[in-house]
Amino acid sequence: MLKNSLVNFTLLWLLLQVVLVEVNCQMTPFKPSALNCHTATFIDNKLYILSGLIKPSPKSYKSVKEFFYLDVSVPFNTRELSWQDLSNINMVPPHGLATSAKGGVNNDTLFLYGGSNQTMESVYTFDPHHMIWNPPKITGISTIRKSSLTGVMGYNGKFYLWGGRTPIILNDMLILDTISLNWEKGSLVNAPTPRIFYGATLLPNDKIIYIGGLDDVTTEFDDDTLNIDKGIALSLNEVYLYDMINDNWDVKITTGKIPSNRCGFSSVLGLDGQRVIIYGGVFNNPGYLDTTLYVLDLTNYNWYIPKISGIIPKPRVFHQANVIEKYMVISFGIGYDRTVESDILLLDISNNEEYVWTTSFDPSPSPSSTSHSLPTSSQTSNNSSDNSKMVGAIVGSLLSGIFLSVGGFFLYKWNKKRQSQNNINNYNNYGQEKAVPADGSKNENMTNHEVVSAIVNNDNYYGQEVIITPTNNDGFKFFKFLNKK
Ligand SMILES: *[C@@H]1O[C@H](CO)[C@@H](O)[C@H](O)[C@H]1NC(C)=O
Ligand SMILES: *[C@@H]1O[C@H](CO)[C@@H](O)[C@H](O)[C@H]1NC(C)=O
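Per an unreviewed UniProt entry, the chain goes by Galactose oxidase and derives from Rhizophagus irregularis.

Right under this line is the structure:
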């Protein structure tokens, strides 16, 4: 008798496992659009990607509302990215050209500033623990919403939002204190000339370095070669340092293998804090010498081309780069073929003698490298929520053993229902894009009418419309903004 019920129990347990596996397999992985001009923010082992522009037709850009993350606490290969979709909790209007960073009281909140959509607030926050977006109330001088800039979060929790455009290209230093939620302004004395699409990186000495950029929005480039074929980007033969402590500016003349004029590249600090690595961007000739990377030595402001190994990817523009563990993690952008290269590129920068392009991510086994800061209340609540998850899991599996036949059935039903609701949500978010292939490639079936409406409904960029002039080779031009007013 006892033996019999044990067999029954085992059978039912197996049945539950089968049901759970089936439910899991039904969850198809999220496939993001071919994004550029998005934001990428690294918080608590997750890389959050928000919005950005896509190219629904060869002649236009439009912004999307996608919001998703990659969990980097586990090893992964860039060929099989397991994106987790959070688009249905995203309340930020579709936009591109915003900037983001991690900050706030517990140093674990995503701060989003600026962007291209006229209906946006200037600042939004995302709390990853409660999974909530909010436009926070901010005191101090009232400010405008800029775009096309790179904000830098200081070690003090202040978000430095220099330059950008409104559509007028600016060189003001706007500062958002993400702890007291107050606006401030920085000094303009000796500030660089107005610019957008520059590189900006926080240095260990409480300074921000600003590199290159663009001050002419009529500039045009080829989206395949990334070569600027009309106009000129700003020079990298000088770089600018903003001192966050003393609120002043300094300029440094650079030497060595100075990259040609460019903008829209990414820049990160090397792991030793003594160099800045830049990748990609659109350029004036001569462009890339023999790699897509340049390094600026901060001890003497000398540019050099690093030794690299691995499969060298195509350069990209309007991507993002985050340093995660020992990797420079590049996300999305324009300039690569999605059927050939992953949306994510990994450059192992742990050895300054040789950087390595790789497709596999190994989370560092030593926790010491990530825990320089004191424990915060967020980390505490993190742990306790992990604990309660664990307790929940144990209690859950005990209960499921008891209520197995009933529970398994209802769980299955419930999941089915939730699944179909998710599908409806996805349809609502992306319904407008259903005629566009997921890889963003040219859609042969798009009618003239759809092309026209895609342009008309394009980013209403401060009353301007992004018009892309097609070139002979099916390339397009990005910077050209036609005034509708
Ligand atoms: C927030 O965390 C970063 C590391 O991710 C650290 O460098 C920074 O100093 C912290 N900011 C504050 C205000 O504690
Ligand atoms: C701007 O956001 C609104 C929602 O607030 C949306 O309806 C509109 O399509 C967005 N505009 C663009 C150009 O994406």
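Don't stop here, the text continues.
Undergrad: Which residues make up the overall build of the chain, and what are the values?
TA: A count of helical and extended segments in the chain gives four helices and 37 strands. In the chain, once contacts between residues fewer than 6 apart in sequence are set aside, the share between residues at least 24 apart is 58%.

Undergrad: Mind laying out the pattern of salt bridges, listing which residues take part and the relevant values?
TA: Following the criterion strictly, the structure yields 11 salt bridges and no others. Across the salt bridge formed by Asp 223 and Lys 55, the nearest N and O atoms sit 3.8 Å from each other. Separated by 168 residues along the polypeptide, Asp 223 in the loop between β18 (220-221) and β19 (228-230) and Lys 55 in strand β3 (residues 53-57) bring together distant segments of the chain. Here Asp 343 ties to Arg 338 by a salt bridge, and the two come within 2.8 Å at their closest N and O atoms. Ionic contacts of the salt-bridge type, sharing partners, join the residues Lys 146, Asp 172 and Lys 185 into one network.

Undergrad: Residues and numbers for the sheet that holds strand β2 (residues 46-50), please.
TA: Here four strands make up an open sheet; going across it, the order is β1-β2-β5-β7 and the pairing antiparallel. Looking at the sheet topology across the chains shown, the edges are occupied by β1 (39-43) and β7 (84-85). In this structure, β2 lies alongside strand β5 (residues 67-71), joined through five bridges in antiparallel fashion. Across the sheet, the residue bridging to Leu 50 is Phe 67, located in β5.

Undergrad: Would you mind going over the sheet that holds strand β13 (residues 158-162) in detail, with residue names and values included?
TA: Where strands meet in a sheet, backbone hydrogen bonds hold them as pairs that are either parallel or antiparallel. Here we have four strands laid out as an open sheet, ordered β12-β13-β14-β15, and antiparallel in their pairing. The sheet is open, and its two edges are formed by β12 (152-153) and β15 (182-185), each paired on a single side. Alignment of strand β14 (residues 173-177) against β15, held across four bridges, turns out to be antiparallel. What sits directly across from Leu 176, in β15, is Trp 183.

Undergrad: Tell me about the site of ligand 1, residues and numbers included.
TA: Taken together, Lys 102, Asn 107, Tyr 155, Asn 156 and Gly 157 form the complete shell of residues around ligand 1. One of the side-chain nitrogen or oxygen atoms of Asn 107 is found 2.3 Å away from an oxygen atom of ligand 1. Separating an oxygen atom of ligand 1 from a backbone N or O atom of Tyr 155 is a distance of 3.3 Å. Residue composition of the shell around ligand 1, grouped by class: one nonpolar, three polar and one charged.

Undergrad: Give a description of the packing of aromatic side chains that names residues and reports values.
TA: One pass over the structure, following the stated rule, counts 24 aromatic pairs. A ring pair is formed by Tyr 160 and Tyr 242, whose centres lie 5.8 Å apart and whose planes are at 55°; its orientation type is tilted. Separated by 82 residues along the polypeptide, Tyr 160 in strand β13 and Tyr 242 in strand β20 (residues 238-243) bring together distant segments of the chain. Ring pairs connect the aromatic residues Tyr 160, Trp 162, Tyr 198, Tyr 210, Tyr 242 and Trp 249, which therefore count as one cluster. For the cation-ring pair, Arg 262 lies above Tyr 288, with the distance from its terminal atom to the ring centre recorded as 4.9 Å. Sitting above the plane of the Tyr 336 ring, Arg 316 keeps its charged end 3.5 Å from the centroid.

Undergrad: Tell me about the nonpolar core, residues and numbers included.
TA: Counting 36 residues, the largest nonpolar core has Ile 209, Ile 211, Val 276, Ile 278, Leu 296 and Leu 298 as its most contacted members. Where this core is concerned, the elements lending two or more residues are β17 (207-211), β20, β25 (275-279), β26 (282-283) and β27 (293-297). Those residues in contact with Leu 296 that sit more than four places away from it in its chain are Ile 209, Val 239, Thr 254, Gln 274, Arg 275, Val 276, Tyr 301, Asn 302 and Trp 303. The next biggest cluster of nonpolar side chains, apart from the first, holds 26 residues, and it includes Val 123, Val 152, Ile 175 and Trp 183.

Undergrad: Quick rundown of the pairing of strand β4 (residues 60-63)? Include the residues and the values.
TA: The two faces of β4 match: Ser 60 and Lys 62 on one face and Tyr 61 and Ser 63 on the other face are all buried. Note that β3 and β4 share three bridges and pair antiparallel. The residue bridging Ile 54 from the neighbouring strand is Lys 62, located in β4. Counted along the chain from β3 to the antiparallel partner β4, the turn is two residues long.

Undergrad: How would you summarise the confidence of the model for the chain if you had to cite specific residues and measurements?
TA: Across the chain, the average pLDDT comes to 79, with 69% of residues at or above 70. In this model residues 18-26 is a low-confidence stretch, pLDDT under 50, and it forms eight contacts with partners more than four residues away in sequence or in other chains. Low pLDDT, under 50, characterises residues 480-485; the stretch is placed with 21 contacts to residues that sit more than four places away or in other chains.

Undergrad: A description of unusual backbone geometry should follow, citing residues and the corresponding values.
TA: Asn 285 connects to Pro 286 through a cis peptide bond whose omega is 10°. Mapped onto the secondary structure, Pro 286 falls in the loop between β26 and β27. Located in the positive-phi region is Leu 97, a residue other than glycine, with phi close to 65°. Within the secondary structure, Leu 97 sits in the loop between β7 and β8 (99-103). One non-glycine residue with positive phi stands out, namely Asp 247, at about 50°. With respect to the helices, strands and loops of the structure, Asp 247 is situated in the loop between β20 and β21 (248-253).

Undergrad: If you had to explain the environment of Glu 66 to someone new, which residues and values would you point to?
TA: Structurally, the position occupied by Glu 66 is in the loop between β4 and β5. Residue class for Glu 66 comes out buried when judged on its relative accessible area of 2%. Among the polar contacts made by the side chain of Glu 66, one reaches the side chain of Ser 33 at a distance of 2.5 Å.

Cut-off values and rules
- Residues numbered from 1 in each chain as written.
- Chains lettered and ligands numbered in written order.
- Predicted model: local features only at pLDDT ≥ 70, side-chain atom pairs only at ≥ 80, totals over all residues.
- Heavy atoms only, no water.
- Helix = DSSP H or I, 4+ residues; strand = E, 2+ residues; numbered from the N terminus.
- Contact = heavy atoms within 4.5 Å.
- Salt bridge = Lys/Arg side-chain N within 4 Å of Asp/Glu carboxyl O.
- Pairing = 2+ DSSP bridges.
- Near = heavy atom within 4 Å.
- Polar contact = N/O pair within 3.5 Å; in protein donor to acceptor, adjacent residues only side chain to side chain.
- Nonpolar A, V, L, I, M, F, W, Y, C, P; charged D, E, K, R; others polar.
- Phe/Tyr/Trp six-rings, centres within 6.5 Å; stacked < 30°, edge-to-face > 60°.
- Lys NZ or Arg CZ within 6 Å of the ring centre and 35° of its normal.
- Core = buried A, V, L, I, M, F, W, Y, C linked by side-chain atoms within 4.5 Å.
- Buried < 20%, exposed > 50% of the residue type's maximum accessible area, 1.4 Å probe, protein only.
- pLDDT = per-residue confidence, 0-100.

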